Each structure stands twice: as C-alpha cells, then as structure tokens.
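Residue-level structural notes
Next come the chains, spelled out residue by residue.
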Amino acid sequence: MPEINNFTMNFGPQHPSAHGVLRLVLELDGEVIERADPHIGLLHRATEKLAENKTYLQSLPYMDRLDYVSMMCNEHAYCLAVEKLLGVAVPVRAQYIRTLFDEITRVLNHLLWLGAYALDVGAMSVFLYCFREREDLMDVYEAVSGARMHAAYYRPGGVYRDLPAQMPLYQPSPYRNAKRLEELNDNRQGSMLDFIEDFTRRFPTYVDEYETLLTDNRIWKQRTVGIGVVGPERAIQLGFTGPMLRASGVAWDLRRTQPYAAYADLDFEIPVGKTGDCYDRYLVRVAEMRQSNQIIAQCVDWLRKNPGPVITDDFKVAAPPREEMKTSMEALIHHFKLFSEGMTVPAGEVYTAVEAPKGEFGIYMISDGANKPYRMKIRAPGFPHLAAMDEMARGHMIADVVAILSTMDIVFGEIDR
Amino acid sequence: MTDALENLRRNLGEELGETLRNARLDRGELTVELSREDFLTACHWLRDDVNCAFDLLVDICGVDYVDYGDGLWEGPRFAVVYHLLSLKHRQRLRVRIFADDDLPIVPSVVDIWAAANWFEREAFDLYGILFEGHPDLRRILTDYGFVGHPFRKDFPLVGTVEMRYDADQGRVVYEPTRTEERVVVPRILREEGEGRYNARN
C-alpha cells in the first residue's frame, strides 16, 4: 500500500463560491477536511481609519460599502451612534421609514443569499427567481434615494427626504413594445407606498415558489441537513448573532430584545431553528423573509396615515430646508458650517447595534469633541461567523465547504472593512 | 434599564474590588476599567456569575489614545475595549483595559470566549497589541509581509508603500509611496460651549 499523505489545497481568492475574495487554505485527508484556515483582508480598505479623517457626514456613504447587500442597515447603525452621541431625537415618521427600509433591505439580502446559496449547492433557477424580486426592491431604493445600491439615504437626525409621491415609471424604449410597457408600469401608477404595498401582496406567493423548489427537494436536503451543525452553547461561545444564532435555537433578535426605531410598536415573530445545521439556517431565513414582509405592510399602513417631518429641525445636525436658506442668513450659516466644518459632537463613547440581516451590526464610536470621530470600530456580524469556519468545516467532505461557507452569508465588504 | 445597570455597577464594585479601577455610566451604557492583574479571573466571573452572565463577546477593539483631545490625554497610550452582552439579562457591558506604551501586552481571553480569536488577531494586526496566551497570533487584515501597525495614530493615512508591476523584473515591486496626504477638512476641537458653533450670536 502506498502511503497517502495529507495535502493542502488553496480555495480562492477568485473562486466563484468564495463570495468575493476569500482565500481558504484547506488541509485535506483524502476528501475530508482536517483544517480550514481562512485568509481574509484582500478587500481591506481601512474604513475605520478613513472615518477618523472625515467629518461625520462624509463617512456615512462608506457604510453602504461595508456590507454591500444590506446597505441601509449599516447606515442605520452609524446614524444611531451619531445620534446617541449628540443626544438628538429622530422624528417618528423617520423611525418608521427606517424600519420600512431596514426590512426591505433584509428581504433584499436574504433573496441574494438564497439565490447564491442555491447556486453554490447546485440549483440554478432559484437565483433567477430571486433576482426578479430584487429588481422591484432595487427600484424602491432608487426611487427614494436616487441610487440602486449605495443609497446614503439615512442621515444623522432622520432620513434625507420624504417618500416620493409618484413611483417612477418605465419610459418608452425601442427594446419593448407598448403592451409590455403597459404591463411593466401597471403597478407603478400610484405613489411609492402603493408600489410597496402591491409588492407585499405578491411576495408571499414568490416565497412559496422558492420553497416549492427547495424545501422538500431531496438533493437540497442531502446537501444541507446535518451539515455544519452548531449547538446553542457553542454558537454563543463563538459570538454568533442573527440567523446563525437563531437557527441554533437561541431566540435572540435585537428588534425584539433591545428594540430600536419603530420595532417596539410592530407585530412580528422571531423564527427559531432547532438543530443548527445548514437546513435550519435556510428555514430561518425564509421564515424571516415572510416576517419582514409583514413588517413592511404594517409600516406602509402607518406611513400612509401619519405625515410629518422626516429629519430633525436641529440645524446643527441636519441642513435647513432649501427655501429657508434663500431668505434666512442664519440658515445659510448653518448650511455652510455643516458642509464645510461639519458637526462637532460632544466627547464620549457609544456602542449602537442593529439587527442587520446577517446578525448584529454595531458601531463603537469614541468622540473627543472634534468634528471627526476619534475612533470608530465596526462590529461586522460576518467576522465571528467566518472565524468559526475551521470548527464548522472540520470532519466534513470537501464539497460541504461551499455549503458551509455560503450558509454563513459572507460578504467581504464588512468582514475586511 | 438604567436602574439595572446601576445595580450591576454596584455588584461589580463589591465583587471585583481592586481589579475594578473605574466604572462609569454614560448615555445608558456602563463602562468599566479593569486592571491587568486578575483580569482573566474577573472575565471568568463576568461570564459565569448568574447575575452577570455575559456569555457573548460582541467585539474587541484596540484604541490608540495618543492624540485624544489634541494632546490632553495623560493616561497610557493603548487600550483594548471589550463589548460584552448578556443574553439572559439583555444587558451590555464595556470593559476597558490599558496596556503599556512601548510593549503593549494584555492577557488573551480566547479560553473564556472563543469568539475572541480573530478579534484579538485584528487588534494585534492594526495596533500591535500583543495578547498573551493567544494560540495563533498572526496578522489578519493586512497584506502578507506588511510592516507596521496601520491604525496607530502615527501611521500615515496614505500608507508607507505602494506596489506596481515591474515589466523589466517581471514581478510586482514595492516602493515608498509617492502619494501626499491631503487634508480637505481640518480637525477642529472647540473648547467652550459644548464644542458647538452658534449661528445665533
């Protein structure tokens, strides 16, 4: 018998299943993983150091580029930190708008995750279905902020502007005929809230479609059931948060346990798994999409009935309205100072966290009273999840590495920062 | 919420004694400063005591205080900040521990919270803080063969090296950077009146 040695294999950093730029060094005994060593940092941009050299408002768009599939949730944590340092109150309508967009973001994130996960495990069509729905929500992003991805819509003190009264329509084009154009614009005739409401009515049937394709699928179950099992104690010990923790059976959700924005007034459930394997994490995320859909519907309902301001009237934090600047010298000074020097924030330190789609996304900010943060630390949920890669993959077959990696919902923008 | 934190502060004061140097309740968040002696014992207690039960380590963060308040800082330069979370009591706690200036060493908490592994590697990489007892203290975010600790305040924002492909040598070469640091908005620290400008006078 020839002697078989362990060998080391390099996975990534340009592998399509590496979800970005992950270099994974795998030590193999035949087909069994003995050790997995993730090498990260290939997307490191020193966001935290950049933030130390920029004013509070200038750093905000960097938040979109951290976890670039759940943009507005990152902005939310950042704005909460600045607001807590300043002690500024956010109008109720802005809180509901933030809640609405946090949940839209959650659906966006879980749709991308589901599509990519199915693709990694070998099911092609789910990806296409998921992107169909993402398109609608991306249009909502665009309608409210002007950007499909990097919105920079939340601002310290509220949100940049109120929801548009008219949902943008598809324009005539040589590539589509009049009938198609009419079909596309059919649900865009009213306001943006009408469009979102229409989406919330359609969405449960879409989720049913994904579940038809996957939940009882034999191959899907073979690839996910019993893979990457993490028990509840171990999940806490490893610093898991979000769906990763809940799939292990720990009912911890910041929206319920430490409510922020308008979550305390809304009715929703926290899906919890049992076994903590890849299949449970899939079920938890799918159930979360259904819950998010309910929250979106409740927010739409509230926002329709309650008009009001969407950003604070403290002009030292948010710019005064444009009309006022034409006549008021004070308003002009505020505007000039805010966009040149920026706001100065009282000394102190805060940690604020939101329940981002991937887990607890936190911002730890130290201010020494200047117009720039002294130190900002981003607590990315994916970081401890990926750190557990070695433990979760050990003893599994090499084909399961992709399933385990993908179940963590890894995005390198936030892990490498 | 604040009452619960007040209780916790009293509890910590009684139990930790000398190890607890300072406890501050600010903006609804409790920050305690622990001494390096008996730090691990205190951490064990924070995790295992039923009234604390800080079983989830949320974050570890290095801080370089050298420029704090434009030179007003008098304490040690480096600190490590731990954010703890108790799922049972729904409470958060911030623990700060200072390290020496020239050779910053603090005890590693990997054996108490497994999540600390990568967070400590990150603090080592970015600030050069050494964690005594860490099983595998390698750089994590910076490039292979990187020199220096980039998040220290004396490390330039533009970095020290740049790299390009050299066609003659047929490989990637590193050279001192030619980028100049450009400050568009200067850092301003106002002393009087809460540090805010006032457009009304």
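Basis of the calculations
Residues numbered from 1 in each chain as written. Chains lettered and ligands numbered in written order. Predicted model: local features only at pLDDT ≥ 70, side-chain atom pairs only at ≥ 80, totals over all residues. Helix = DSSP H or I, 4+ residues; strand = E, 2+ residues; numbered from the N terminus. Rg over C-alpha atoms; globule rule 2.2 N^0.38 Å. Buried ≥ 20, exposed ≤ 12 C-beta atoms within 10 Å, placed from the backbone. Contact = placed C-beta atoms within 7 Å. Nonpolar A, V, L, I, M, F, W, Y, C, P; charged D, E, K, R; others polar. Arc of directions from axis to C-beta.

1. Here's the deal with the overall build of chain A
Regarding its fold elements, chain A presents 18 helices and eight strands. Rg of the C-alpha trace for chain A: 23 Å, near the compact-globule value of 22 Å for 417 residues, within the 12% margin. Each of the three principal axes of chain A carries a C-alpha extent, and together these read 90 × 60 × 45 Å. Looking at the 417 residues of chain A, the share that counts as buried comes to 52%. A fraction of 69% describes how many contacts in chain A between residues 6 or more apart in sequence connect residues 24 or more apart.

2. Some thoughts on the interface of chain B and chain A
Contact with chain B, which involves 39 residues of that partner, is made by 46 residues of chain A. For the side of chain B that touches chain A, the secondary structure elements donating two or more residues are β3 (56-64), β5 (91-99) and α3 (116-127) of chain B. For the side of chain B that touches chain A, the element with the highest residue contribution is β3(B), accounting for six residues. Counted by class, the side of chain B that touches chain A contains 21 nonpolar, five polar and 13 charged residues.

3. Considering helix α2 (residues 39-48) of chain B
Residue and element names in this part refer to chain B. Of the positions making up α2, those classed as buried are Ala42, Cys43 and Leu46. In an axial view of α2, the angular spread of the buried residues amounts to 100°, which keeps them on one side of the axis. Set apart from the buried face of α2 by more than 90 degrees, the exposed residues are Thr41 and Asp48. Each element contacted by the buried residues of α2 is listed here: α1 (2-16), β2 (29-34) and β4 (78-86).

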